[in-house]
Amino acid sequence: MAADPLKDPLASLSLLTPQPVAVRPSIPARSASSRTLPTSTHPRVTIHIPAQQIPADILDGVKELARSSVRGNVRVVEEPIPGGSKGAFVWVLGFRKDPKLERGLRITSNYDDFTAVPSGEDFEVEISYNRPIEAFRGLGHVLGVSRGLSSFKHPDAPELDTFNDEDVSFEDGGIRWSGKVGDELRREEQCLFETVGVMVDCSRNGVMLVSGVKMLLRNLAMSGTNVLQLYCEDTYQIPGEPFFGYFRGPYTEAELREIDDYAFALIQTLGHLGQMLQWNKYAYLRDTAEVILADAVETYAFIEKMIAAISKPLRSKRIHIGMDEAYGVSEGRYRQCFGYKDSTKVNNALSTYYDLNQEVPQLTGTIPDNVDFVFWSTDWTTYAEKIKHHWKLAGKSCWMASGVWSWSRFWTALPFTFATVKAALKAAKDPTLGVKSVMTTIWGDEGNECDLYSTLPGILYHAEQAYTREDEVDAALLKKKFDGITGGDFDDYLFASKLDDTQPESQPIDTRTRYTPNLAKYLLWEEPFFSFLSPQYNGFDLESHYLHVATYLEQALSTDFSSMNLVAVPHSISDFPANRRLRLPYLLARVLALKCHLRARLAEAYKTDDRAELVALAGPEPESRMSRLRELVVQLHKTHRANWMEVYKPFGFEVLDLRYGGLRARLETMHGRLIAYLDPEDTSVTRVEELEVDLQTAYPNQGPNLMLDYARASRPQYI
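Residues numbered from 1 in each chain as written. Predicted model: local features only at pLDDT ≥ 70, side-chain atom pairs only at ≥ 80, totals over all residues. Heavy atoms only, no water.

1. Let's talk about the overall build of the protein
Right, so step 1: Helices and strands together make up the secondary structure of the protein, namely 22 helices and 16 strands.
Right, so step 2: Counting all 719 residues of the protein, 57% fall into the buried class.
Right, so step 3: Sequence separation of 24 or more characterises 76% of the internal contacts of the protein that already satisfy a separation of 6 or more.
Right, so step 4: Of the roughly 30600 Å² that the protein leaves accessible, carbon and sulfur atoms contribute 51%. (Helix = DSSP H or I, 4+ residues; strand = E, 2+ residues; numbered from the N terminus. Buried < 20%, exposed > 50% of the residue type's maximum accessible area, 1.4 Å probe, protein only. Contact = heavy atoms within 4.5 Å. Areas by Shrake-Rupley, 256 points an atom, 1.4 Å probe, with all protein chains shown as cover.)

Listed below in structure tokens is the structure:
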């Protein structure tokens, strides 16, 4: 039975939005030109921050956030400029430092209703804070409240309307808003942790531009996240080591200095070093293709060079050293150099680390005071038990690291992210476990195809969890904050996760779930002529599913007003600038609607000699299915490239260029052979042998719920 979204906060994040309806409100009336429509259904609120009301410790940060505000509606001013006419309103915001708040913040306002302020007075808001991060989070809260004023009485779902008629300041054709924001603005919060962090992968193809890092940092600051880690395997320069980061776009010392005010570094010193170890220059450091050679003097000398290079440009000397997934340690050259030794015994007495039923050795006396442990887990696991495990191991609390599920997909799996982050933070918030620092991770495994913007709802959700003792966050406020901080519509971003989810509601998630499928990825890269994975999704109408997703996202990208679901306020992309990132999942959905069952349709028409159907599917005309598919793949490729270059350095996109190029080449070959087969004057193709092969189910009893990499999906050959 489906959860009630009005009673279950989590349901309001993952169940309510996948009910799109193609309803355009009658008010404002549609016209021949969208330019005749207003740009927003929200009242226009500008936030003025008098410079003299900004303490010195946050002055530069507030100025930067104001200068870069996504809608240009935050201004640092010498004197507030009066507003309030023709739907434009001014809120005057000030800051006050209060050491008694420790890790907390307090927000107050002088009136409840900003539309009913007496003449000659201002609507004033004050943020009290101790740490700068809470001041910035307070600004994010104010921005969110300023955007969450409207309600839409949907004609198809009047029962979902919870707006209090007594609070209405404006109503027109079902769109209503209220100026009574005092209760929501006024807030007292306490961060439950000393550190709330985010780690971003800068090693799996994508090395973020400095401008991209700054964009992310602004979003993090207004969410209350006070640490950003950049995961760098070999993507920083080491003097005298030109092959370290060769053609990878490594950060220069100057670039690291530029972002030093905001982030500290994460480097790898054991596994995940295949990019470096591929070069003969470093053969002397190689144990296996991915793992560096333990117990070798040269190895430790090189690690010292790594640490010196990454720490030199950073004022903070905090470095996160990753040693995870060092598969095969001591199983390669190590045995040639040092003889046989069990992998768990090499520089490591922790052979029982992963076994909760075994006692772990006490290392308390060997771990320096300035070294902390991080417990990584990005799926469902026994979080509380593992945190206790670390206490036994080190005699101190560990960091708790969860994951925003961005890896090996094109769009973040947001419902799964919310569920796993919630479970991790629930354990971390247990006061008996003593966790002082939490972070969530954004990985780029398998090509870093995922749009970084799609992780922002997950990052914000993680931060909201860190500021509440409750198991679940305030879903309505979360959506408003996402709107105010990022300029995107939360429901629209969430709906794009349906690329990998064919369920009518959200995917069923419980403690047995270890991963979430990457359906859209493997469908896109699946070899189109063979479509050898298609038996996995026999019986699933993926054409209708992806057409449904594309239709929704097309409206979310429109400059015309539209209401995509039963609760959304009618809105257009003109008022949600970050919604432009939805063009990638929109084009991907359109591509998949044409591609997913193409081979099955072709095979059926070929076997029955239905020439008319074959022409409709693969004829040379521009309106044939294959012609349209090929053109959409070109558009998708261009959009993906443009998105990439906005956030990342150009290095790494060659991997995706080759993937798109391979797909386009296969579609060209496939189309050309089918056109030749259909042409009675062309005798070069008299049979289409690719369509004569009977397909087999590669993964029995699993259906389409698979998580596959590019190499597996792109071809049946093992090469």
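2. Thoughts on helix α18 (residues 598–607)
The periodicity of an α-helix, 3.6 residues per turn, causes residues three or four places apart in sequence to face the same way.
Right, so step 1: If you check which residues of α18 are buried, you get L598, R599, L602, A603, A605 and Y606. Projected down its long axis, α18 shows its buried positions confined to an angular sector of 170 degrees, all on one face.
Right, so step 2: Close packing links the buried residues of α18 with α17 (583–595), α19 (611–618), α20 (625–647) and α21 (653–678).
Right, so step 3: A positive backbone phi angle near 55 degrees is found at D609, which sits one or two residues after α18. (Arc of directions from axis to C-beta.)

3. Focus on the pattern of salt bridges
Right, so step 1: Following the criterion strictly, the structure yields 46 salt bridges and no others.
Right, so step 2: One salt bridge in this structure joins K479 and D491, with 3.1 Å as the shortest N-O distance. With K479 in helix α13 (residues 475–486) and D491 in helix α14 (residues 490–496), this pair connects stretches of sequence that are twelve residues apart.
Right, so step 3: Between E527 and R666 there is a salt bridge whose closest N-O contact spans 2.5 Å. With a gap of 139 residues between them, E527 in the loop between α15 (519–525) and α16 (542–556) and R666 in helix α21 connect regions that are remote in the sequence.
Right, so step 4: The buried category is assigned to E527, whose relative accessible area is 4%.
Right, so step 5: Three or more residues joined by partner-sharing salt bridges are found here, namely R137, R187, E189, E464 and K481. (Salt bridge = Lys/Arg side-chain N within 4 Å of Asp/Glu carboxyl O.)

4. Points about the packing of aromatic side chains
Right, so step 1: Summed over the entire model, instances satisfying the criterion amount to 28 aromatic pairs.
Right, so step 2: Judged by centre distance (5.7 Å) and plane angle (45 degrees), the rings of W376 and W443 are tilted. Residue W376 is located in strand β14 (residues 374–376), and its partner W443 is located in the loop between β16 (437–442) and α12 (456–466); the two are separated by 67 residues in the primary sequence.
Right, so step 3: Of the residues examined, W443 reaches a relative accessible area of 11% and is grouped as buried.
Right, so step 4: Look at W405 and F416: their rings are 4.9 Å apart centre to centre, the planes differ by 85 degrees, and that puts the pair in the edge-to-face class. (Phe/Tyr/Trp six-rings, centres within 6.5 Å; stacked < 30°, edge-to-face > 60°.)

5. Details of the packing of helix α3 (residues 132–147) against α13
Right, so step 1: Close contact between α3 and α13 brings their axes to 7 Å; oriented N to C, the two are set at 100 degrees. As summarised for this structure, α3 and α13 are arranged roughly perpendicular, according to the angle between their axes. For the pair α3 and α13, the contacting residues are R137, G140, H141, L143, G144 and R147 in the first and L477, K480, K481, D483, G484 and I485 in the second.
Right, so step 2: Of the residues contributing to the contact of α3 with α13, the split by class is three nonpolar, four polar and five charged. (Axes fitted to C-alpha atoms, helices over the stretch in contact; angles between N-to-C directions. Parallel < 35°, antiparallel > 145°, perpendicular 65-115°, else oblique. Nonpolar A, V, L, I, M, F, W, Y, C, P; charged D, E, K, R; others polar.)

6. A word on the state of the cysteines
Right, so step 1: A complete count under the given rule lists zero disulfides for this structure.
Right, so step 2: Residue C202 stays outside any disulfide, its sulfur separated by 5.3 Å from that of C232, the closest cysteine. (Disulfide = S-S within 2.5 Å.)

7. Points about the packing of α20 against α21
Right, so step 1: Across the interface, α20 lies against α21 with an axial gap of 10 Å and an inter-helix angle of 175 degrees. Comparing their axes, α21 and α20 come out roughly antiparallel. Of the residues in α21, those in contact with M626, S627, L629, R630, V633, V634, L636, H637, H640, R641, W644 and M645 of α20 are F653, L656, D657, Y660, L663, R664, L667, E668, M670, H671 and L674.
Right, so step 2: For the contact of α20 with α21, the per-class residue count stands at 14 nonpolar, four polar and five charged.

8. A closer look at helix α11 (residues 414–428)
Right, so step 1: Its 15 residues place the ends of α11 21 Å apart at the C-alpha level, agreeing with the 21 Å of an ideal helix rising 1.5 Å per residue.
Right, so step 2: Of all 15 residues in α11, 13 are buried; the element is thus mostly enclosed. (Expected span 1.5 Å × (residues − 1).)

9. A few points about the side chain of H597
Right, so step 1: Within the secondary structure, H597 is located in the loop between α17 and α18.
Right, so step 2: Within the structure, H597 has its side chain in polar contact with the backbone oxygen of F540 (distance 3.0 Å).
Right, so step 3: A distance of 3.2 Å separates a polar side-chain atom of H597 from the backbone nitrogen of L542.
Right, so step 4: Not counting residues within four places of it along the chain, the set of residues in contact with H597 comprises Y537, F540, D541, L542 and E543. (Polar contact = N/O pair within 3.5 Å; in protein donor to acceptor, adjacent residues only side chain to side chain.)

10. What about the sheet that holds strand β3 (residues 88–97)?
Where strands meet in a sheet, backbone hydrogen bonds hold them as pairs that are either parallel or antiparallel.
Right, so step 1: Spatial ordering of the open sheet is given by β2-β1-β3-β5-β4-β9, a layout of six strands whose pairing is mixed. Each having just a single partner strand, β2 (74–77) and β9 (187–190) make up the two edges of the open sheet. If you compare each strand with its neighbour and ignore which way they point, the axes differ by 20 degrees on average.
Right, so step 2: As paired strands, strand β4 (residues 104–109) and strand β5 (residues 123–129) are joined by five bridges and run antiparallel to one another. Residue pairing in the sheet places T108 in a bridge with E126 of β5. (Pairing = 2+ DSSP bridges.)

11. A closer look at the environment of K180
Right, so step 1: Structurally, K180 is set in the loop between β8 (175–177) and α4 (182–185).
Right, so step 2: Considering only alpha carbons, one finds K180 and D112, 68 residues apart in sequence, at a separation of 5.3 Å.

12. Digging into the pairing of β2
Right, so step 1: Sheet topology places strand β1 (residues 44–50) next to β2; four bridges connect them, and they run parallel. Along β2, the bridge assignment pairs P50 with V77.
Right, so step 2: Viewed along the sheet, the connection from β1 through helix α2 (residues 59–67) into β2 turns out right-handed. (Right-handed = clockwise from strand over helix to strand, strands pointing away.)

13. Focus on the nonpolar core
Right, so step 1: F95, M208, L524 and Y546 are the most contacted members of the largest nonpolar core, which has 171 residues in total.
Right, so step 2: For this core, the leading source of residues is α21, giving ten residues.
Right, so step 3: Look past the residues within four positions of F95 in its chain and what remains in contact with it is I49, Q53, I54, P55, I58, V62, I127, Y129 and A135.
Right, so step 4: Residues W399, W407, A413 and M439 belong to the second largest nonpolar core, which totals eleven residues. (Core = buried A, V, L, I, M, F, W, Y, C linked by side-chain atoms within 4.5 Å.)

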